[in-house]
Amino acid sequence: MQYRKFGKLDWKVSALGFGAMRLPTIGEDQAKIQEDEAIKMIRCALDNGVNYIDSGYMYHMGQSEVLVGKALKDGYREKVKMATKLPARMIEKAEDFDRILDDQIKKLDIGMIDFYLLHGLDKAGWEKVRDFGILKWAEKQMARGLIGRLGFSFHDKYDVFKDIVDSYDNWVLAQVLYNYMDETEQAGRQGVEYAAGKGIAVVVMEPLRGGKLAKEPPPKPVAEVYANAKRKMRGVEWALHWVWNQPEVAMALSGMSTMEQVVDNLKIADSSRPGVFGAEDLEVIKKIKEAYKSLSPIPCSGCRYCQPCPQNVEIPRVFQLYNDAVMYDDIKGGKFMYNGPFGIPQDQRADKCIDCRECEAKCPQKIDVPMWLKKAHEALYMDNPPPPPGTPPPKPKEE
């Protein structure tokens, strides 16, 4: 295992971290984790040098932390730094901070959480927990020895990311969505450089874009790029090494679902190092991106000239989700992103289009917007979407 500097801390982190959001389950029920197999997977990773595990209060409908706590018994707690998260979207009052932390410590059955992250911050979530006094509260928990260090995970634009980074001098880590297909999305490359420049450890989530970049690529044109590259690697290797190639990145998290994935990722991590890619390799990455994007059926550039829509339809986002579903052959994932609580609100979905064609007149690409909105909605809409991995379990009904 290779190790890298973790921000300002006098501690080195394994290049690969274990993300406990996609553990093996019994059937499709995210709350029913295959306990024996998941524990074996986590312990295999720790036995082979992984020293960071990441969970969250909502993962596996509240059961991820319970499973991780069990996996860290029998001397494994001493091998690893444990990170989990406080869900900003669930906070309704300041008292929720104590309630959730107490519940997490019980589930994990540990005395202290090494890294405590404010989960999934966007502008609204950050302002809410900030105004409830989250920073003073967190410092109090650190003084009590319940939390080791404070960080955050992030889903919004770069200017919001920069504001959060600049709002507190003692952030230890920032967890960001980052892969070669999303290099300029959300915090993006600019955010990675900014956080690292401040001495904050950059933890990368979704380096494989939810597993899409590890799948067998379409024969044409993506597989052809791999075949013609001088360096012979699989898609998963190109994606992970692209992240590890960057010295600003402290670690890449992988949400592993099988023992096969654990073993494979460990092997890839053994050869990771900053600067492993040369100019020729980066040109291959550029060609892979172009090949994937050529599979997008809608030629939307995301310029947003079509916004605002008179009916409030989030046209660029609908098109992005549909393009991604087709491009990666992942209609199921597209449906989840379209219908789920982290997707598009019902009043902004494609079926609200009334065919006024005001957007079409503004579109530089001359896209038949109403036609593609109808097609996207037909492909992605679900009457009764299943609960996503991050949904907490429902409260029992009172008798």
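Residues numbered from 1 in each chain as written. Predicted model: local features only at pLDDT ≥ 70, side-chain atom pairs only at ≥ 80, totals over all residues. Heavy atoms only, no water.

Asker: What is the right way to read the nonpolar core from this model?
Answerer: Soluble, globular proteins show a tendency: their nonpolar side chains are buried together. Phe18, Leu118, Phe152, Trp171, Tyr180, Ile288 and Tyr292 are the most contacted members of the largest nonpolar core, which totals 94 residues. In this structure, Phe18 is in contact with Leu23, Met41, Ile42, Ala45, Val50, Tyr52, Ile53, Asp54, Leu253, Ser254, Met256 and Val262, ignoring residues within four places of it in sequence. Formed by 21 residues, the second largest nonpolar core is a distinct cluster that contains Cys306, Trp372, Leu373 and Leu380. (Core = buried A, V, L, I, M, F, W, Y, C linked by side-chain atoms within 4.5 Å. Buried < 20%, exposed > 50% of the residue type's maximum accessible area, 1.4 Å probe, protein only. Contact = heavy atoms within 4.5 Å.)

Asker: So what exactly am I meant to see when it comes to the pairing of strand 3 (residues 16-19) here?
Answerer: Residues in a regular strand point their side chains to alternate faces of the sheet. In strand 3, alternate side chains face the same way, and those of Leu16 and Phe18 on one face and Gly17 and Gly19 on the other are all buried. Where strand 3 and strand 10 (residues 249-254) come together, three bridges link them in parallel fashion. From the neighbouring strand, Leu16 faces strand 10, where its bridge partner is Ala252. Where strand 3 and strand 4 (residues 52-54) come together, two bridges link them in parallel fashion. By the bridge assignment for strand 4, Gly19 is matched with Asp54. What joins strand 3 to strand 4 is helix 1 (residues 35-47), and the crossover it makes is right-handed. (Helix = DSSP H or I, 4+ residues; strand = E, 2+ residues; numbered from the N terminus. Pairing = 2+ DSSP bridges. Right-handed = clockwise from strand over helix to strand, strands pointing away.)

Asker: Explanation requested: the sheet that holds strand 9 (residues 201-205) in the structure shown.
Answerer: Adjacent strands of a sheet form backbone hydrogen bonds with each other and so pair up, either parallel or antiparallel. Strand order in this closed barrel of eight strands is 3-4-5-6-7-8-9-10, and the pairing throughout is parallel. If you compare each strand with its neighbour and ignore which way they point, the axes differ by 30° on average. Along the sheet face, helix 6 (residues 158-166) touches strand 6 (113-121), strand 7 (147-154) and strand 8 (173-177) and points at about 165° away from the line of strand 7. (Axes fitted to C-alpha atoms, helices over the stretch in contact; angles between N-to-C directions.)

Asker: I tried to follow the packing of helix 13 (residues 331-339) against helix 15 (residues 369-380) on my own but got confused; where do I start?
Answerer: Packed helix pairs are specified by the crossing angle of their axes together with the interaxial distance, meaning the distance between the axes. With their axes 9 Å apart at the nearest point, helix 13 and helix 15 run at an angle of 105° to one another. Here helix 15 runs roughly perpendicular to helix 13, going by the angle between their axes. Contact with helix 13, carried on its side by Ile331, Gly334, Lys335, Tyr338 and Asn339, involves His377, Ala379 and Leu380 of helix 15 and no other residues of that element. (Parallel < 35°, antiparallel > 145°, perpendicular 65-115°, else oblique.)

Asker: Would you explain the packing of aromatic side chains in this entry?
Answerer: We describe a pair of aromatic rings using the distance from one ring centre to the other and the angle between the two ring planes. Tallied over the full model, the rule gives 18 aromatic pairs. With centroids separated by 5.3 Å and ring planes inclined at 75°, the aromatic side chains of Phe6 and Trp11 adopt a geometry described as edge-to-face. Judged by relative accessible area, Phe6 falls into the buried class, the value being 0%. Members of the aromatic cluster, connected to one another through ring pairs, are Trp126, Phe152, Phe154, Phe161, Tyr168 and Trp171. The positively charged end of Lys81 is found above the aromatic ring belonging to Trp11, 5.6 Å away from the centroid. (Phe/Tyr/Trp six-rings, centres within 6.5 Å; stacked < 30°, edge-to-face > 60°. Lys NZ or Arg CZ within 6 Å of the ring centre and 35° of its normal.)

Asker: Would you mind going over the packing of helix 1 against helix 2 (residues 64-71) with me for this structure?
Answerer: Helix 2 packs onto helix 1 with a crossing angle of 60° between their chain directions and a minimal axis gap of 9 Å. Compared by their axis directions, helix 1 and helix 2 come out oblique. Crossing of helix 1 against helix 2: the hand is right-handed. Where helix 1 abuts helix 2, its residues Glu35, Ala38, Ile39, Ile42 and Arg43 lie against Leu67, Val68, Lys70 and Ala71. Grouping the constituent residues of the contact of helix 1 with helix 2 by class yields six nonpolar, no polar and three charged. (Left-handed = near helix turned anticlockwise from the far one by under 90°. Nonpolar A, V, L, I, M, F, W, Y, C, P; charged D, E, K, R; others polar.)

Asker: Just checking my understanding: could you explain empty space enclosed by the protein for this structure?
Answerer: Space left empty within the atom packing is revealed by a probe, the size of a water molecule, rolled over the atoms. Tallying each qualifying case throughout the model produces two cavities of 30 Å³ or more. By volume, the largest cavity amounts to about 110 Å³. Among the elements that line the lining of the largest cavity, the one with the most residues is helix 12 (residues 315-327), at three residues. Of the residues belonging to the lining of the largest cavity, the class tally is ten nonpolar, three polar and one charged. Taken as a whole, the second largest cavity encloses approximately 70 Å³ of empty space. Every residue lining the second largest cavity is listed: Cys309, Pro310, Gln311, Ile315, Cys353, Ile354, Asp355, Cys356, Arg357, Cys359 and Leu373. The residue inventory of the lining of the second largest cavity, partitioned by class, reads eight nonpolar, one polar and two charged. (1 Å grid on protein atoms, 1.4 Å probe; cavity = no way out; pocket = protein on both sides within 12 Å on 5 of 7 lines; lining within 4 Å. Points joined across faces, edges and corners; volume = space filled by probe spheres on them.)

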